[in-house]
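Remarks on the overall topology
Spelled out, the chains give:
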Amino acid sequence: MNGDVGETLLRCVSCGGEYKPSPRLFRCPRCGGLLEVVLGNLTWSPRGKGVWRYRGLLPQTKASPVTMGEGSTPLIASRLHKGLYYKFEGSNPTGSFKDRGMTVATTIALDNGARSVIAASTGNTASSMAAYASRAGLRPVIFLPRNKVAKGKILQSIAYGAVIVWVEGSFDDAISLAMKLSEEKQSYYPMNSFNPWRLEGQKTLYYEVFEDLGKAPDAMVYPVGNAGNISAGWKAAQELLMLGVADEAPRFLGVQAKGASPIADAVSRGLDKPVFVDRPETAASAIRIGKPVNWQKALKAIRESNGTAVMVSDEEIIQAQRTLARREGIIVEPASAASYAGYLRMLEEGLIDRGDTVVLVLTGHGLKDPASLESMVSNEIIVKPSVDIDELDRTLRAI
Ligand code: AN7
């Protein structure tokens, strides 16, 4: 099935202006708005595994893909709720969904002759970018908010050889600084999600869900930080409709942590533009973001899909993380557990019907944030190798 064959364009989501792609074009020259990729040729012809299975719905590149087999993550049926599925993105090569975008963005960076790539990050974007850049022979420079990134993500980035710029401020400060550097010094190619080519790779999560279920689910639930992932999902669902591959699109539901919830707040108050949060606070460090760069795209995704967004407390997030680990066997980081906490809240508030086919996007692996697991109650004893077996048995039964 083919769409119209034409030239690939960048289109402004604010004013609709259309531009021929060029390596340094990330903002609308007319109004400064966000750009989205409009592919000239869309073809649904899945072949092979992973992100590049959907090559026909991705930008054409001259360089061969910088890939580690990212994507093709499991869709796991819940044992607790009828109709519920978990899309476990922790099984990507660096342990988060970011790898889907990075395989595409890194390949495009090579096409554009980049030498250094940069991104600000709450952790996962940084480690993913560092991995793909190292593989491609590019120099990764990451901007991290100091004292605000989970340990596993820092160690991963160091291991991949990233240059780290610790910013004494929030993620939002770090991304403004990284944007300024890449705008003023052209030798740094930006990989944050205002780079619309990266979001093209992130569309593939939805294509996989659609193929695995054999239809569109009733709803997709995403934890929302910088708001790129939910926007990419909606773009993917619309493309499948447009191509006639799908008859329906799901509702797109966003979940934010209280204390870092400008999108959920804008949705519940019916605002056209979110009120940004100056000092975002939550235990879910990955989504501790007060000024999401993709807010326009995300509000569009939520409203046009008849979706909604809710906020959940840190207590609800931690409880959800524990339930997923102890009753489903899935360890996720707190930001990812927010989607389960949000699902429970939306069921309770009647925003989702029981039994609806709902997919929770579990964005990142729990081992990335070991500190978040330290509060789990442990059942343990210490024994000598010579311990009496009957006594050991009695003790184990008593726990
Ligand atoms: C586990 O790494 O923004 O709404 O800099 O790591 O697309 O931003 C991470 C975001 C959800 C939110 N879950 O996705 C970064 C960063 C996890 C994440 C999100 C992130 P977006």
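These notes cover the structure that comes with them. Here the residue numbers are simple positions, counted from 1 along each chain's written sequence. Where totals are concerned, whole chains, interfaces and linings use all residues; where local detail is concerned, this predicted model gives features only for residues with pLDDT of at least 70, and gives and counts side-chain atom pairs only at 80 or more. The side-chain values count all of the structure's non-hydrogen atoms but skip hydrogen atoms and water molecules.

Each helix and strand counted, the protein chain has 12 helices and 13 strands in total. Every radius of gyration here is taken over C-alpha atoms, with the globule rule written as 2.2 Å times N^0.38, N being the number of residues. The C-alpha radius of gyration of the protein chain comes to 21 Å, within 12% of the 21 Å expected for a compact globule of 399 residues. With the C-alpha coordinates of the protein chain rotated into their principal frame, the extents come out at 75 × 45 × 45 Å. Long-range pairs, those at least 24 residues apart, make up 69% of the contacts in the protein chain with a sequence separation of at least 6. Using a 1.4 Å probe, the Shrake-Rupley method yields the accessible areas, and only the shown protein chains count as cover for residues. Accessible surface, the protein chain as shown: approximately 17,200 Å² in total, 48% of it carbon and sulfur. Runs of H or I in DSSP of at least four residues are treated as helices and runs of E of at least two as strands, each being numbered from the N terminus. Contact criterion: two residues are considered in contact whenever any of their non-hydrogen atoms come within 4.5 Å of each other.

Not every one of the 23 residues close to the ligand is listed here, only the nearest: Asn124, Thr125, Asn226, Ala227 and Thr363. In the environment of the ligand, an oxygen atom lies 2.8 Å from a nitrogen or oxygen atom belonging to the backbone of Thr122. Between the ligand and the protein, one listed contact pairs an oxygen atom with a backbone N or O atom of Ala227 at 2.7 Å. Coverage of the ligand by the protein chains reaches 98% of its 470 Å² of free accessible surface. Near is defined per residue: the residue qualifies when any heavy atom it owns lies within 4 Å of the molecule or strand. Polar contacts, as used here, are pairs of N or O atoms within 3.5 Å; protein pairs need one atom able to donate a hydrogen and one able to accept it. Residues neighboring in sequence count only if both atoms are side-chain atoms.

A separate point is the nonpolar core. Looking at soluble globular proteins, one finds that nonpolar side chains tend to be buried together. Take the buried Ala, Val, Leu, Ile, Met, Phe, Trp, Tyr and Cys residues and link them wherever side-chain atoms come within 4.5 Å; each set so joined is a nonpolar core. Relative accessibility under 20% of the residue-type maximum defines a buried residue, over 50% an exposed one, and the middle range a partly exposed one, all with a 1.4 Å probe and only protein chains included. Among the nonpolar cores identified, the biggest contains 88 residues, and Trp44, Tyr189, Tyr206, Met220 and Leu240 are the most heavily contacted of them. Among all residues touching Tyr206, those that are not within four sequence positions of it are Ala216, Pro217, Met220, Gly233, Ala236, Ala237, Leu240, Pro250 and Phe252.

Another aspect to go through is the sheet that holds strand 8 (residues 163-167). Strand pairing follows a simple DSSP-based rule, namely that at least 2 bridges must link the two strands. Here 4 strands make up an open sheet; going across it, the order is 8-7-6-9 and the pairing parallel. Of all the strands in the sheet, just strand 8 and strand 9 (188-190) have a single pairing partner and so form its edges. Across the sheet, the axes of successive neighbouring strands diverge by a mean angle of 25°, strand direction being ignored. Pairing of strand 6 (residues 116-120) with strand 9 involves 3 bridges; the strand directions are parallel. Following the sheet pairing, Val117 is matched in strand 9 by Tyr189. Lines fitted to the C-alpha atoms define the axes, with helices restricted to the stretch that makes contact. Angles between their N-to-C directions range from 0 to 180 degrees. Against the sheet, helix 2 (residues 124-136) engages strand 6 and strand 7 (139-145), with an angle of about 170° to strand 7. On the sheet, helix 4 (residues 171-184) packs against strand 6, strand 7, strand 8 and strand 9 and is oriented at approximately 155° with respect to strand 6.

On to the packing of helix 8 (residues 262-269) against helix 9 (residues 295-304). As a packed pair, helix 8 and helix 9 sit with axes 11 Å apart at the nearest point and diverge in direction by 45°. Taken together, the axes of helix 8 and helix 9 lie oblique to each other. Pair helix 8 / helix 9 crosses with right-handed handedness. Along the contact surface, helix 8 presents Ile263, Ala266 and Val267, while helix 9 presents Trp295, Ala298, Leu299, Ile302 and Arg303. Only Asp, Glu, Lys and Arg are considered charged in this grouping, and only Ala, Val, Leu, Ile, Met, Phe, Trp, Tyr, Cys and Pro are considered nonpolar; every other residue, Gly among them, is considered polar. For the contact of helix 8 with helix 9, the residue count by class is 7 nonpolar, no polar and 1 charged. Put simply, angles under 35 degrees are roughly parallel, angles over 145 are roughly antiparallel, angles from 65 to 115 are roughly perpendicular, and the rest are oblique. When the near helix sits turned anticlockwise from the far one by under a right angle, the crossing is termed left-handed; a clockwise turn instead gives a right-handed crossing.

So, on to the sheet that holds strand 3 (residues 35-38). Sheets are built from strands paired through backbone hydrogen bonds, the pairs being either parallel or antiparallel. Pairing is antiparallel across the open sheet formed by 3 strands, whose spatial order is 2-1-3. Every other strand in the sheet has two partners, leaving strand 2 (18-19) and strand 3 as the edge strands with one partner each. In this structure, strand 1 (residues 9-12) lies alongside strand 3, joined through 4 bridges in antiparallel fashion. Opposite Cys12, over in strand 3, you have Leu35 as the bridge partner.

Turning our eyes to something else, we now look at a nonpolar patch on the surface. Every patch collects residues that have over 30% relative accessible area and no salt bridge, joining them within 9 Å if they carry like charges and within 5 Å if they are nonpolar side chains (Val, Leu, Ile, Met, Phe, Trp, Tyr). Between Lys or Arg on one side and Asp or Glu on the other, a salt bridge is scored when a side-chain nitrogen of the former is within 4 Å of a carboxyl oxygen of the latter. Together, Ile381, Val383, Leu396 and Ile399 give the surface a local cluster of nonpolar side chains, amounting to about 350 Å² of exposed area. Residue position: Ile399 is located in the segment after helix 12 (389-398).

The next thing to look at is a negative patch on the surface. A surface patch of like charges, here negative, comprises Asp218, Asp247, Glu248 and Asp353. Along the chain, Glu248 falls in the loop between helix 7 (228-242) and strand 11 (251-257). His residues and chain termini do not enter the charge count, which takes Lys and Arg as positive and Asp and Glu as negative. The atoms used to mark charge sites are NZ of Lys, CZ of Arg, CG of Asp and CD of Glu.

Here we take up the packing of helix 1 (residues 98-111) against helix 2. Where helix 1 meets helix 2, the axes come as close as 9 Å, and the angle between the chain directions of the two elements is 40°. Compared by their axis directions, helix 1 and helix 2 come out oblique. The two elements helix 1 and helix 2 cross, and the hand of that crossing is right-handed. Contacts between helix 1 and helix 2 involve Lys98, Asp99, Met102, Thr103, Thr106 and Leu110 on the former and, on the latter, Asn124, Thr125, Ser128, Met129, Tyr132, Ala133 and Ala136. Among the residues making up the contact of helix 1 with helix 2, the classes are represented as 6 nonpolar, 5 polar and 2 charged.

On to the side chain of Ser285. As for its position among the elements, Ser285 is in the loop between helix 8 and helix 9. When residues no more than four places from it in sequence are discounted, the contact partners of Ser285 are Thr122, Lys148, Ala150 and Asp369.

How far a helix is expected to stretch is found by multiplying one less than its residue total by 1.5 Å. The first and last C-alpha atoms of helix 11 (residues 334-348) sit 21 Å apart over 15 residues, in line with the 21 Å expected at 1.5 Å per residue. For helix 11, the tally of buried residues reaches 12 of 15 residues, placing the bulk of the element in the interior. All of the buried residues along helix 11 are Pro334, Ala335, Ser336, Ala337, Ala338, Ser339, Tyr340, Ala341, Gly342, Tyr343, Met346 and Leu347. On its buried face, helix 11 is in contact with strand 5 (84-88), strand 10 (219-223), strand 11, strand 12 (308-312), helix 10 (314-328) and strand 13 (358-362). Directly after helix 11, the chain includes Gly350, whose backbone phi takes a positive value near 75°.

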